[in-house]
Amino acid sequence: MESPMIRTPRSLLVCERSSFCDENNRVSSQVEQLHFNYKVSVLLSDCSSAPSHLESLLTSFSHFYLVRNLPLHELLDKQFLETAVYQGNVYGLSYRTRLDEDNCVALMPNGHLVLSLDKDSFQVLGFEGKTSTFNYKTKNRYVVTVDLTDGSMAPGRQAYLRLLTGLTSRLPLQMDFLLSHHPGGGASLQALLSRYIWSEHKPEVGTCSLTHLPCPDLQSCDPHGLLEWLGAVDANISRDNSSSSFLSSLVCPEPKRTVSRALRISICGLLLPHDVQRLIQELRCYLGQCQPESWVSLTVHGFVDSPVSWGGKEHGVLRGGENFYTLFIFHDHTYHLHLAAGAQDTCPP
């Protein structure tokens, strides 16, 4: 019998082919369902430098804030609720916390506060929650989800006071926290920021020109092989399978052709779905000015240690914690969309 330790953990991959001209296409709705993104990777075929309008868009991504040692009860502050949470589209995520070991927190744009807690912390907090979907056997992790916009959680109500007391007295958690608000920006967060050590950040943009890039047939290539090839390109891993190389045995899937030039772009930070939507529209406009054989790929990576993944569903780590999607866009407005998740995730919608 095969040992469980050497089995490859299952992964989930959902593939869809459609057209932006189809009014029922799901690209926009899928982009909105992955809330917490740390990296966007773009590959432009037949391109050596970013067009000025695309470069301008990349530098206009929403800024975000890193707050040091933020007490979690501050997320229940009445002024913060009124100026930010009740207005919608606040994104908050605990920073450098490990989902498989630490307490992790997410504040979603719909006003839901999600706490992924270890067993001891959950019992000390004394608030309703449920056993983690991915730890139901050992019951060593619990998830507390609170709708801060619900009337029962209004300041002064019983449920609000119980959670506030728990986070203030019984379980006074503090952690570094990432925050962003669209369209309010820093103004809506200023009252909270002013009480702590914080820093403002803008997403980091990097570009790299590629030449003589072996490229598989995007229309017929197996999705797993296609994503593996794209990941190797993004990570700058050799795909030659050279006899002198001991680092990589990857090869470009057949059939293939050589793209004379390509441009790789990466954007890193707390990246909002709104900005990803804008980027997709700009890439479509760019393709409209290119040769018919040109194409673009866009991969959006969700935070590995976010307590939520697709559509606010619970997220787990196990060995990878991957949750991402890749969108191939073609000159004729058709697209291929690949939604991927690891072993401790529900199936992407």
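Computed from a predicted model, the values in this text were never measured in an experiment.

1. Considering the side chain of S188
Inference 1: Mapping S188 onto the fold places it in helix α6 (residues 185-193).
Inference 2: The exposure class of S188 is buried, given its relative accessible area of 12%.
Inference 3: Side-chain polar atoms of S188 contact the side chain of H181, separated by 2.5 Å.
Inference 4: S188 has contacts with T83, A84 and H181, leaving out every residue within four places of it along the chain.

2. Regarding the sheet that holds strand β5 (residues 104-107)
Inference 1: The eight strands are arranged β7-β8-β6-β5-β4-β9-β3-β10 in an open sheet whose pairing can be described as antiparallel. Looking at which strands have only one partner, the edges of the open sheet turn out to be β7 (130-131) and β10 (198-201).
Inference 2: Across five bridges, the pairing between strand β4 (residues 90-94) and strand β9 (residues 174-181) is antiparallel. Bridging across to β9, G92 finds its partner in L179.

3. Regarding the sheet that holds strand β12 (residues 256-271)
Inference 1: The strand order β1-β15-β14-β13-β2-β12-β11 describes an open sheet built from seven strands, whose pairing is antiparallel. Looking along the sheet, the strands with just one partner apiece sit at the ends: β1 (12-19) and β11 (204-216). Within the sheet, the average angular offset between the axes of one strand and its neighbour, ignoring direction, is 15°.
Inference 2: Bridge count for strand β2 (residues 37-45) against strand β13 (residues 295-302) is seven bridges, and the pairing is antiparallel. The partner of L43 across the bridge, within β13, is S297.
Inference 3: Along the sheet, helix α8 (residues 273-287) contacts β2, β12, β13 and β14 (323-330); its crossing angle with β13, the most-contacted strand, is approximately 170°.

4. Description of the domain arrangement of the protein chain
Inference 1: Annotation of the protein chain at the domain level lists domain 1 (12-61 + 203-341) and domain 2 (64-201).
Inference 2: A separation of 31 Å is found between the C-alpha centroids of domain 1 and domain 2.
Inference 3: Summed over both sides, the interface of domain 1 with domain 2 buries roughly 1800 Å², with 76% coming from carbon and sulfur.
Inference 4: Summed over the shared surface of domain 1 and domain 2, the number is zero salt bridges.
Inference 5: At the level of secondary structure, the elements contributing two or more residues to the side of domain 1 that touches domain 2 comprise β12 and α8.
Inference 6: For the side of domain 1 that touches domain 2, a count of residues per class yields nine nonpolar, seven polar and two charged.

How each quantity is defined
- Residues numbered from 1 in each chain as written.
- Predicted model: local features only at pLDDT ≥ 70, side-chain atom pairs only at ≥ 80, totals over all residues.
- Heavy atoms only, no water.
- Helix = DSSP H or I, 4+ residues; strand = E, 2+ residues; numbered from the N terminus.
- Buried < 20%, exposed > 50% of the residue type's maximum accessible area, 1.4 Å probe, protein only.
- Polar contact = N/O pair within 3.5 Å; in protein donor to acceptor, adjacent residues only side chain to side chain.
- Contact = heavy atoms within 4.5 Å.
- Pairing = 2+ DSSP bridges.
- Axes fitted to C-alpha atoms, helices over the stretch in contact; angles between N-to-C directions.
- Domains from an automatic or database assignment.
- Buried area = accessible area lost by both parts, 1.4 Å probe.
- Salt bridge = Lys/Arg side-chain N within 4 Å of Asp/Glu carboxyl O.
- Nonpolar A, V, L, I, M, F, W, Y, C, P; charged D, E, K, R; others polar.

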